[in-house]
Amino acid sequence: MIEKNYQPADIEAPMSLVWEDSRAFKAGRPDRRDAQPFTIVIPPPNVTGSLHMGHALNNTLQDILCRFERMRGRDVLWQPGTDHAGIATQMVVERQLMERQQPGRREMGREKFLQRVWRWKAESGDTIINQLKRLGASCDWSRERFTMDEGLSRAVVKVFVELHRQGLIYKDKRLVNWDPKLLTAVSDLEVQQVEVKGSLWYLRYPIEGRTFSPDDPTSFIVVATTRPETMLGDTGVAVHPEDERYRDLVGKKVILPLVGRKISIVADEYSDPEKGSGAVKVTPAHDFNDFEVGKRHGLGQISVLDQEGKLSLVANEDYLRGLPEGALMFAEEFDGTDRFAARKQIVARLEDFGFLDRIEPHTHVVPHGDRSGVVIEPFLTDQWYVDAKTLAQPAIAAVRSGRTTFVPRNWEKTYFDWMENIQPWCISRQLWWGHQIPAWYGPDGKAFVAETEEEAVGNALAYYVEQEVITPEQGREMALDRNKRAGFITRDEDVLDTWFSSALWPFSTLGWPDDTPEVQRYYPTDVLVTGFDIIFFWVARMMMMGLHFMKEVPFSTVYIHALVRDEKGAKMSKSKGNVIDPLQLIDEYGADALRFTLAAMAAQGRDIKLAASRVEGYRNFATKLWNACRFAEMNACAKPADFDPASTKDTLNRWIAHETANASRLVTEALEAYRFNDAANAMYRFVWNVYCDWYLELAKPMLLGEDGPAKTETRATIAWARDEILKLLHPFMPFITEALWKTTAEREGLLALAPWPLQPKELTTEQLVMISAAVPNDPLMPPILPVFNATVFADAEAEAEIGWVVDLVTAIRSVRAEMNIAPATLTALALVGASDETKARAPRWTDVIKRMARLSDISFADRAPDGAVQLLVRGEVAALPLKGVIDLAAERTRLEKEIAKAEADIKRVDGKLANEKFVANAPEEVVEEEREKREAAVERKTKLLEALERLKKLA
């Protein structure tokens, strides 16, 4: 028996246990052995993570697809797992050690620290997984993987060694994003661009061969910089080749202030004549753009900062090389000073000697570490790289040829832009937690890369014996005794970028490099659901690795979902205090309400503006479904085992069979096209409006009447349509639908494994002609209606009759609302020039229409009465006499006031949007909110004008 009140907390945990105990989500079930597989790999959340709204959206959409395909009979594998999250996890454990006043990482040593991290993972690493289960994620949890599992680690090592052997992984000295606090290279995704109010310093660089004087502009060139502290590492000055001011100086040299080094003036299009002075200093070791300029012109690379962001000069051979006498004093003065303190000291010294031209306030974007919060430093260092350009070519071709498609398609342009301009991928990180790079070094720094230490040591010792660095006897001793080779052969301490192991996720989780049955059955996967921000970091790299090692794309479709923002359209952030916690929403409204909200708002290419009120509204929708099922139960509605809706005789029951078929078609087609919002909204309209508000309401007289065949049929049809609703809603709202499925009838098996409603086949030409003739003006009638294999069918006659009742009552209600007619006031209705069909059906529904539309009488007329509002309902006129019912003058005044108010709102918004400064400077969400206000005002004005026009016709 269904409980009186719907309480999500009372059903969600029990339903989760039912699914888990029955192993409902296990891939490769015996009954699906011959079924077509359907595979999705979860974007592995960080093991340190907690469910946020992005996770909630992403996993809701994946779950909808998995439950949908599972009900369609496919062998579904939704592969779950977590990412080891190198920096994040190491920071969590280090912070824990500090808070407990225990020895830090360096004091503990690598081995003991890693043991501590694994212990933390065992204690706390399941948090995000348990939260995903609360959301209702139907993953095959028996196959849960972790990116540092033994099997996945073996895949990572295999890939590294193979790519190195093929020359696609190599070591190089290049600029990286360096975090001076965490002391490691970080990826672009771990860098936040922060707008800061800083300064632009204009510095005078003396021209070689001319006597410098601050009063003589011909004796120097002015360069503009936001980073005067790095000027000690300048190796050039760049000007635009077409800048007439500096054309004669190209090829000459300047003397670097405070250093005395002679550096060249080069012509390069990177310099913008419109910015600053038009001349920029070039510091290849401390700026990514300067690095490229330096490569183009053969400029030197002089790093003047150490790993902690302090000036490193006195012991810096690159800096000291060629330094003139007397310049060392400044090196000693600045050496070891933090970069920002050094900035002030260097600017003061430049000013002392007349090299500071001026300072201007300057707002610009500065990269910060998303975890450390410090300014990221472009840093020149030796790192391991992947030749991404070579690997990208097949991945580009695969998308161009359509082997993999993006939904929406516009994201393919983003993919191509990134891939066609791809740079070498820095894959080494100066951390301890992660996959340690399988490289060992000899005493001369030569690297030996191998899958095992034994193999690397063997190769290294053989090499050094051959080079006569050691004797054969020493080689044999070192091979047998680790202690004897200590210090002679050492392993690379760095670990791999987390994205390296994530790039292998679609096939490493299936058991590769072994040729497992799972690899054979479930690779390639069907669809990847992810956010746009990791198209390059994850999607592109999975494409590259999948094609290179599996010779096949990892997925045929990439669905890119948008962001979840707050209700005003602002991006959620802790600093703004506008973060919405999905777990709190689940606690308050239930997981089903949150899931349905996200699905209903997930329009392709449009960000979601989420408000708790929307989630509350869809909880009310769940309550509506619950109460409808209780209503059916209380009226003894049950579906006989042999019930066939195709055999129903009552027009109302035939109509709901028709509408159910239509809803099933709409939902199925929308899900197949990844239009989650269309599918959810189709179900919302069908359940709330069609089934509850119309069908059950219209069926009440039958249910309250005497027992008989018609009542029996209606009870069975109500139960049948309810069951179809539970099936169609299950992917969106799994908890409540599974609970109601279990409670509303004695059934074998779970709803999660029940068959999806049968799918339509095209109608014959004769059927289409018949339907078109019957309902020519129905905009909701699809061009091809579903026929459900003699189980559910398109019924044009039933739709025409009940559809007419629905449209007529709806139109009357709309006019009554527009004209402010009180519910207690009954009005008459005249059906003008009615067709034979209308004359036949009207008497059958007179009592229902009068009750639902608040009418006193329904009559037929050849012409509309005077003072009547005329409604066009399915091509025929229905007249509602209102003369004497409402005060026409007062109502006209009210409408005109409302129209004036709407026009004032439009004018106010237009004034704002016409202000270029407002549009340029206001936050994006504020501008968008104003546009939405305008749209709402225009829509309101249009409806008011229509009402006013109707009113004028009454006069």
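Residues numbered from 1 in each chain as written. Predicted model: local features only at pLDDT ≥ 70, side-chain atom pairs only at ≥ 80, totals over all residues. Heavy atoms only, no water.

**With respect to the packing of helix H24 (residues 651-672) against helix H26 (residues 709-729)**
Part 1 of the reasoning: Their axes nearest at 10 Å, the elements H24 and H26 cross at an angle of 10°. In terms of axis orientation, H24 runs roughly parallel to H26. Touching Asn653, Ile656, Ala657, Thr660 and Ser664 of H24 are Glu713, Thr714, Thr717, Trp720, Ala721, Glu724 and Leu728, all from H26.
Part 2 of the reasoning: Among the residues making up the contact of H24 with H26, the classes are represented as five nonpolar, five polar and two charged. (Axes fitted to C-alpha atoms, helices over the stretch in contact; angles between N-to-C directions. Helix = DSSP H or I, 4+ residues; strand = E, 2+ residues; numbered from the N terminus. Parallel < 35°, antiparallel > 145°, perpendicular 65-115°, else oblique. Contact = heavy atoms within 4.5 Å. Nonpolar A, V, L, I, M, F, W, Y, C, P; charged D, E, K, R; others polar.)

**Considering the pattern of salt bridges**
Part 1 of the reasoning: Under the defined criterion, the tally for this structure stands at 68 salt bridges.
Part 2 of the reasoning: Note that Asp492 is salt-bridged to Lys171, the shortest N-O span being 3.9 Å. Of this pair, Asp492 sits in the loop between strand E20 (490-491) and strand E21 (495-496) while Lys171 sits in strand E5 (residues 169-179); the two residues are 321 residues apart in sequence, bridging distant segments of the chain.
Part 3 of the reasoning: In this structure Asp492 comes out as buried when scored by relative accessible area, which is 5%.
Part 4 of the reasoning: For Lys171, a relative accessible area of 39% puts it in the partly exposed group.
Part 5 of the reasoning: With a shortest N-O distance of 2.4 Å, Lys609 and Glu932 are connected by a salt bridge. With Lys609 in strand E25 (residues 608-610) and Glu932 in helix H33 (residues 924-954), this residue pair connects regions lying 323 residues apart in the sequence.
Part 6 of the reasoning: We classify Glu932 as partly exposed; its relative accessible area is 33%. (Salt bridge = Lys/Arg side-chain N within 4 Å of Asp/Glu carboxyl O. Buried < 20%, exposed > 50% of the residue type's maximum accessible area, 1.4 Å probe, protein only.)

**Side note on the packing of aromatic side chains**
Part 1 of the reasoning: Per the stated rule, a full pass over the model turns up 40 aromatic pairs.
Part 2 of the reasoning: When the centroid spacing of 5.9 Å and the interplanar angle of 40° are considered together, the rings of Tyr691 and Tyr695 count as tilted. Here Tyr695 and Tyr691 lie together in helix H25 (residues 676-704), a separation of four residues that amounts to about one turn.
Part 3 of the reasoning: Clustering of aromatic rings is evident, with ring pairs tying together Phe596, Tyr618, Phe621, Tyr684, Trp688 and Phe732. (Phe/Tyr/Trp six-rings, centres within 6.5 Å; stacked < 30°, edge-to-face > 60°.)

**Some points on the pairing of E5**
Regular strands place their side chains on alternate faces of the sheet.
Part 1 of the reasoning: Bridge count for E5 against strand E14 (residues 377-386) is 10 bridges, and the pairing is antiparallel. For Tyr170, the partnering residue across the bridge sits in E14 and is Tyr385.
Part 2 of the reasoning: Alignment of E5 against strand E6 (residues 184-186), held across three bridges, turns out to be antiparallel. By the bridge assignment for E6, Trp178 is matched with Ala185.
Part 3 of the reasoning: The antiparallel hairpin formed by E5 and E6 contains four residues in its connecting segment, where Leu183 sits at a positive phi of about 60°. (Pairing = 2+ DSSP bridges.)

**Looking at unusual backbone geometry**
A negative phi angle is the norm for most residues apart from glycine, just as the trans form is the norm for most peptide bonds.
Part 1 of the reasoning: Backbone torsion omega between Val407 and Pro408 reads -5°, so that peptide bond is classified as cis.
Part 2 of the reasoning: Looking at where Pro408 falls in the secondary structure, it is placed in the loop between strand E15 (405-407) and helix H13 (411-420).
Part 3 of the reasoning: Cis peptide bonds are those with omega within 30 degrees of zero, and the linkage from Trp512 to Pro513 qualifies with 20°.
Part 4 of the reasoning: Mapped onto the fold, Pro513 is located in the loop between helix H18 (505-508) and helix H19 (517-522).
Part 5 of the reasoning: In this structure, Ala636 takes a positive phi of about 55° despite not being glycine.
Part 6 of the reasoning: Secondary-structure assignment places Ala636 in the loop between helix H23 (612-634) and H24.
Part 7 of the reasoning: On the accessibility criterion, Ala636 (46% relative accessible area) is partly exposed.

**Re the confidence of the model for the protein**
In low-pLDDT regions, the fine details of the predicted coordinates are not to be read closely.
Part 1 of the reasoning: Here the protein shows a mean pLDDT of 91. Residues at 70 or above account for 96%.
Part 2 of the reasoning: Note that pLDDT drops below 50 for residues 761-765; the model gives that stretch nine contacts with residues more than four away or on any other chain.
Part 3 of the reasoning: This stretch, residues 767-792, has a pLDDT under 50; its non-local contacts, to residues over four places away or in other chains, come to 60 contacts. (pLDDT = per-residue confidence, 0-100.)

**What to know about the side chain of His286**
Part 1 of the reasoning: Locating His286 in the fold gives a position in the loop between strand E12 (279-282) and helix H8 (288-297).
Part 2 of the reasoning: Not counting chain neighbours up to four residues away, the residues in contact with His286 comprise Leu175, Arg227, Thr230, Ile302, Ser303, Val304, Leu305, Glu377 and Pro378.

**A closer look at the pairing of strand E26 (residues 827-832)**
Part 1 of the reasoning: Of all six residues in E26, five are buried; the element is thus mostly enclosed.
Part 2 of the reasoning: Note that E26 and strand E27 (residues 855-861) share six bridges and pair parallel. Among the inter-strand pairings, Leu831 is bridged to a residue of E27, identified as Phe860.
Part 3 of the reasoning: Following the chain from E26 across helix H30 (residues 836-853) to the adjacent parallel E27, one finds a crossover that is right-handed.
Part 4 of the reasoning: Where E26 lies against strand E29 (residues 876-881), three bridges are found, and the strand directions are antiparallel. Each bridged residue has a counterpart across the sheet, and for Leu831 the counterpart in E29 is Ala878. (Right-handed = clockwise from strand over helix to strand, strands pointing away.)

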